[in-house]
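Structural overview for review
The residues making up each chain are set out below.
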Amino acid sequence: MTVQVLKFGGTSLRTLESRRQAVGHVQDALAASSRVVVVVSAMGRHGDPYATDTLLQQIGGGSEVHDRDRDLLMACGETISAVVFAHQLSLQGISAKPMTGGQAGIETDASHGRARIVRIHPEAITDCWDQGLVPVVAGFQGGAHGREVTTLGRGGSDTSAAALGVALKADAVDIFTDVDGVMTADPRLVPEARPIPALRYQDMYQLASLGAKVVHPRAVEMAMPENIPIRVRKTGSTHPGTVIGRAVGELEEDRLMPRVIGVTQREQVCRLTIKDTGRSLAEVFGGLARPGLEMDWIVSGDGFVSLVASGPHAETAIQLLDANQMSVEVEEGFSSVAVVGRGADQTGVLAQAVDALEQQSIEIIQSGHLAQGLGVLVEEARMGEAVRTLHRAFALGDRATTKTLMS
């Protein structure tokens, strides 16, 4: 008997109709003689009653709120989703049991707000199966020291699904969302963006790390060593979506020629410049050492260090620098746009990208080579235009460019 993990994002649970569509996918998996685990996110998006950001507004998100208490509040959204969706399953004749992350056996460390999964205790899930029940697990959360509720950070429900898939030796992890798979660009910015039929784990990891929000990079990291396919699909569609897995072989021209597969973006990016610190680079970077802190495009020169960070990562970096008595100049109002793909870090690709942006008079504030890609820093107001320009420059709207990348 196969094992299948189905993860439903917040938009998949937002309305009664979308929940019914999600139930249909569970019915299909059960009909295929699969043992099923369902993982759910909080219902809806910012502004919806049970979305995580809406819950945080109840306490203002201030620093005076203890991390433990904030985690307890943020975990409520997924817990509500688990109960609601388990009830929806029962109305369709499918016996189900809602569970918090901790109850489902997801054990984490005690790093509130950014907890890491330490191990999975599968007994709670297998007990459900033995009783003929479908476990419905609240994603994004786990338990530390047997009693404390922890959250895994943004995108944590994907991580929950992948971790359960690995622990239960699942045949696949299906992530249901509101788009037809992993797209060549954000379809909200680029109407001609197309779904990519298949991707290697490494390609998906780079896309996710550089701004594509459809799958969290930690989920890819977990599935890759065990070669568990991740399938990204739209909840209310029959489109096959995107399969993420390990390539079994590559054509010679694929190894030799660059292939751009997508354009991603990050909003609300800051450039932080540390000047005349009197510290060595090792001391500067040592002061920024914190698990989960992400920084891009680090540039150092005579008497300065410059780095790019987005959103909460920028806030954390500033706090750490202040705590280490290093003054920092903060420049805001930027977005980072990345061109991603095998060979996308080559000089010819950079030249093509720069030429395309210059033709549209889009100023490049800063640029840098990234692993399997290149990035440019642009004014926030020009972000959408920059993404569309690069998408066109590399002909990513052409159906031929979205052929399988797994041969």
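For the structure itself, look to the data block above.
Residues numbered from 1 in each chain as written. Predicted model: local features only at pLDDT ≥ 70, side-chain atom pairs only at ≥ 80, totals over all residues. Heavy atoms only, no water.

Section: the overall build of the protein
- Each helix and strand in the protein was counted, giving 12 helices and 18 strands.
- For the protein, the C-alpha radius of gyration of 22 Å lies close to 22 Å, the compact-globule estimate for 407 residues.
- Judged by the C-alpha coordinates and their principal axes, the protein covers about 65 × 50 × 35 Å.
- For the protein, the proportion of its 407 residues judged to be buried stands at 51%.
- A separation threshold of at least 6 residues defines the contact pool for the protein, and within that pool the share at least 24 residues apart is 74%.
- As displayed, the protein has an accessible area near 18,200 Å², and 50% of this comes from carbon and sulfur atoms. (Helix = DSSP H or I, 4+ residues; strand = E, 2+ residues; numbered from the N terminus. Rg over C-alpha atoms; globule rule 2.2 N^0.38 Å. Buried < 20%, exposed > 50% of the residue type's maximum accessible area, 1.4 Å probe, protein only. Contact = heavy atoms within 4.5 Å. Areas by Shrake-Rupley, 256 points an atom, 1.4 Å probe, with all protein chains shown as cover.)

Some points on unusual backbone geometry
- Of note, Lys 169 is a non-glycine position whose phi angle comes to about 55 degrees, a positive value.
- Mapped onto the elements of the fold, Lys 169 is located in the loop between helix 5 (156–167) and strand 9 (172–177).
- For Gln 268, which is not glycine, the phi dihedral falls at a positive 50 degrees.
- With respect to the element layout, Gln 268 can be found in strand 13 (residues 262–275).

Some words on the sheet that holds strand 9
- Ordered in space as 3-6-2-1-9-11-12-10, the eight strands form an open sheet in which the pairing is mixed. Of all strands in the sheet, those bounded by a partner on one side alone are strand 3 (96–99) and strand 10 (198–200). Ignoring which end each strand starts from, the neighbouring axes of this sheet average 20 degrees apart.
- Its contacts with the sheet place helix 6 (residues 201–209) against strand 10 and strand 12 (242–245), and it is angled at close to 90 degrees to strand 10. (Pairing = 2+ DSSP bridges. Axes fitted to C-alpha atoms, helices over the stretch in contact; angles between N-to-C directions.)

A short note on the packing of helix 6 against helix 7 (residues 217–226)
- At a minimum axis separation of 8 Å, helix 6 and helix 7 run at an interaxial angle of 160 degrees. It follows that helix 6 is roughly antiparallel to helix 7 by the angle criterion. The two elements helix 6 and helix 7 cross, and the hand of that crossing is left-handed. Listed contacts from helix 7 to Tyr 201, Gln 202, Met 204, Tyr 205, Ala 208 and Ser 209 of helix 6 are Pro 217, Val 220, Glu 221, Ala 223 and Met 224. (Parallel < 35°, antiparallel > 145°, perpendicular 65-115°, else oblique. Left-handed = near helix turned anticlockwise from the far one by under 90°.)

Comments concerning the nonpolar core
- Grouped together as the largest cluster of nonpolar side chains are 66 residues, with contacts concentrated most on Met 204, Val 215 and Val 337.
- With residues near it in sequence (within four places) discarded, Val 215 still touches Asp 158, Ile 175, Met 204, Ala 208, Val 220, Val 232 and Ile 244.
- With 20 residues, the next largest nonpolar core counts Leu 6, Leu 13, Val 38 and Leu 89 among its residues. (Core = buried A, V, L, I, M, F, W, Y, C linked by side-chain atoms within 4.5 Å.)

Quick word on a nonpolar patch on the surface
- Taken together, the side chains of Leu 281, Phe 285 and Ile 298 define a hydrophobic patch exposed on the protein surface, amounting to about 240 Å² of accessible area.
- Since its relative accessible area comes to 42%, Ile 298 is described here as partly exposed. (Patch = residues over 30% accessible without salt bridge, like charges linked within 9 Å, V, L, I, M, F, W, Y side chains within 5 Å. Salt bridge = Lys/Arg side-chain N within 4 Å of Asp/Glu carboxyl O.)

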